[in-house]
Amino acid sequence: MSDNDFDPNPSSTIRRLWPTDMDAYRAHLKRLDPDSRHARFGGGVSDQYIDTHVDSSLRMDTLLFGAFDKSKLIGVGELRLLFGEWPMAAEAAFSVERTYQDHGLGDALMARVMAAARNRGIIRLSMICLSHNERMRHLAHKHHAEFVTNDGETEVWIPSGSAIASTIIEETFGETGGLLNGLFQWTRMKMA
Ligand SMILES: CC(C)(COP(=O)(O)OP(=O)(O)OC[C@H]1O[C@@H](n2cnc3c(N)ncnc32)[C@H](O)[C@@H]1OP(=O)(O)O)[C@@H](O)C(=O)NCCC(=O)NCCS
């Protein structure tokens, strides 16, 4: 990919994923290079493991946000609510394909996931994240979250506080922007 091919405006490329996007999610995770796949899942995993993971993300307790290059899904932020935990908690995970890394997509996906978490009263996010994952550490700090590692398990504490205007705007307007962008891409494809 050359930089000219890709619209680097992350906010316009992100939208919620739905059951119809699951094959694209599966394909995106399987396209991750070995290091990114390892970092995403906290270890080497097979394609079969990815299939099972994606099947389980169809549950109502999972919210997925996808970043697109035109119609290709190239990054995903995943939020799995953990019921029965107090304070309210969720698991989060992020993946951006190698050639699209360092374009701001992880940052934008994290903003969407953290806004969605806060809007649902969640203040504790856990991530399976390798302790030397400097990008994630940097992004967590950038979003004012605390990055705590215990026995290889990493927890991210979202600054306490419930939904505020900015997190509601982030989720609502982010979604509207993503839908409009999707419609624009679809119209361009039809007219081409
Ligand atoms: C982690 C990941 C999701 C980040 O996505 P990304 O699109 O590359 O991230 P962004 O471009 O938005 O931001 C990266 C930030 O890290 C910084 N960064 C890059 N390399 C760094 C390093 N070695 N040390 C510290 N910071 C670093 C960049 O400067 C940038 O910061 P800035 O926005 O303040 O300039 C992506 O790299 C990825 O999918 N990695 C493999 C899977 C993974 O590690 N998942 C996380 C575990 S769930």
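Structural data are supplied above this passage.
So, here's what we can say about the structure. Here the structure is a predicted model, which means the values were calculated and not measured.

Basis of the calculations
Residues numbered from 1 in each chain as written. Predicted model: local features only at pLDDT ≥ 70, side-chain atom pairs only at ≥ 80, totals over all residues. Helix = DSSP H or I, 4+ residues; strand = E, 2+ residues; numbered from the N terminus. Buried ≥ 20, exposed ≤ 12 C-beta atoms within 10 Å, placed from the backbone. Contact = placed C-beta atoms within 7 Å. Expected span 1.5 Å × (residues − 1). Pairing = 2+ DSSP bridges. Axes fitted to C-alpha atoms, helices over the stretch in contact; angles between N-to-C directions. Near = placed C-beta within 6 Å. Nonpolar A, V, L, I, M, F, W, Y, C, P; charged D, E, K, R; others polar. Left-handed = near helix turned anticlockwise from the far one by under 90°.

### Examining the overall build of the protein chain
Here is step 1: When helices and strands are counted, the protein chain shows 6 helices and 7 strands.
Here is step 2: Per-residue burial over the protein chain gives 33% buried out of 192 residues.
Here is step 3: Taking all contacts inside the protein chain whose residues are at least 6 apart in sequence as the whole, residues at least 24 apart take part in 68%.

### Some words on unusual backbone geometry
Here is step 1: Residue aspartate 102 is not a glycine yet carries a positive backbone phi of 65 degrees.
Here is step 2: Mapped onto the elements, aspartate 102 comes out in the loop between strand 4 (89–96) and helix 4 (105–119).
Here is step 3: In this structure, histidine 144 takes a positive phi of about 60 degrees despite not being glycine.
Here is step 4: Within the secondary structure layout, histidine 144 lies in the loop between helix 5 (134–142) and strand 6 (146–150).

### Topic: helix 4
Here is step 1: Counted at 1.5 Å a residue, the expected span for helix 4 with its 15 residues is 21 Å, and the 21 Å between its end C-alpha atoms agrees.
Here is step 2: Buried residues dominate helix 4, accounting for 13 of its 15 residues.

### Quick notes on the sheet that holds strand 4
Here is step 1: One open sheet accounts for 7 strands, arranged 1-2-3-4-5-7-6; its pairing is mixed. Where the open sheet ends on each side, the last strands, each with one partner, are strand 1 (14–16) and strand 6. Taken over all neighbouring pairs, the strand axes of this sheet differ in orientation by 25 degrees on average, direction set aside.
Here is step 2: Bridge count between strand 3 (residues 72–82) and strand 4: 8 bridges; the pairing is antiparallel. Paired with leucine 82 across the bridge in strand 4 is alanine 89.
Here is step 3: Relative to the sheet, helix 4 contacts strand 1, strand 2 (62–69), strand 3, strand 4 and strand 5 (124–127), its axis offset from that of strand 3 by approximately 30 degrees.

### A closer look at the site of the ligand
Here is step 1: Near the ligand, the surroundings consist of 23 residues, among which Ala39, Gln101, Gly106, Asp107 and Glu134 are the closest.
Here is step 2: When its residues are assigned to classes, the shell around the ligand shows 9 nonpolar, 8 polar and 6 charged.

### Digging into the pairing of strand 2
Here is step 1: Within strand 2, 6 of the 8 residues are buried, which leaves it mostly tucked inside the rest of the structure.
Here is step 2: Summarising the sheet, strand 1 and strand 2 pair through 3 bridges and their orientation is antiparallel. By the bridge assignment, isoleucine 14 is partnered in strand 2 with alanine 67.

### Structural notes on the packing of helix 1 (residues 22–31) against helix 3 (residues 47–56)
Here is step 1: Running from amino to carboxyl end, helix 1 crosses helix 3 at an angle of 145 degrees, the nearest separation of the two axes being 10 Å. Pair helix 1 / helix 3 crosses with right-handed handedness. The segment helix 1 lies against helix 3, with Met22, Tyr25, Arg26, Leu29 and Lys30 engaging Asp47, Ile50, Asp51 and Val54.
Here is step 2: Classifying every residue of the contact of helix 1 with helix 3 by side-chain character gives 5 nonpolar, no polar and 4 charged.

### A word on the environment of glutamate 97
Here is step 1: With respect to the secondary-structure elements, glutamate 97 resides in the loop between strand 4 and helix 4.
Here is step 2: Judged by the 21 C-beta atoms lying within 10 Å of it, glutamate 97 is buried.
Here is step 3: Separated by 60 residues in the primary sequence, glutamate 97 and arginine 37 have C-alpha atoms spaced 9.3 Å apart.
Here is step 4: Setting aside chain neighbours within four positions, we find glutamate 97 in contact with His28, Arg31, Leu32, Ile74 and Gly75.

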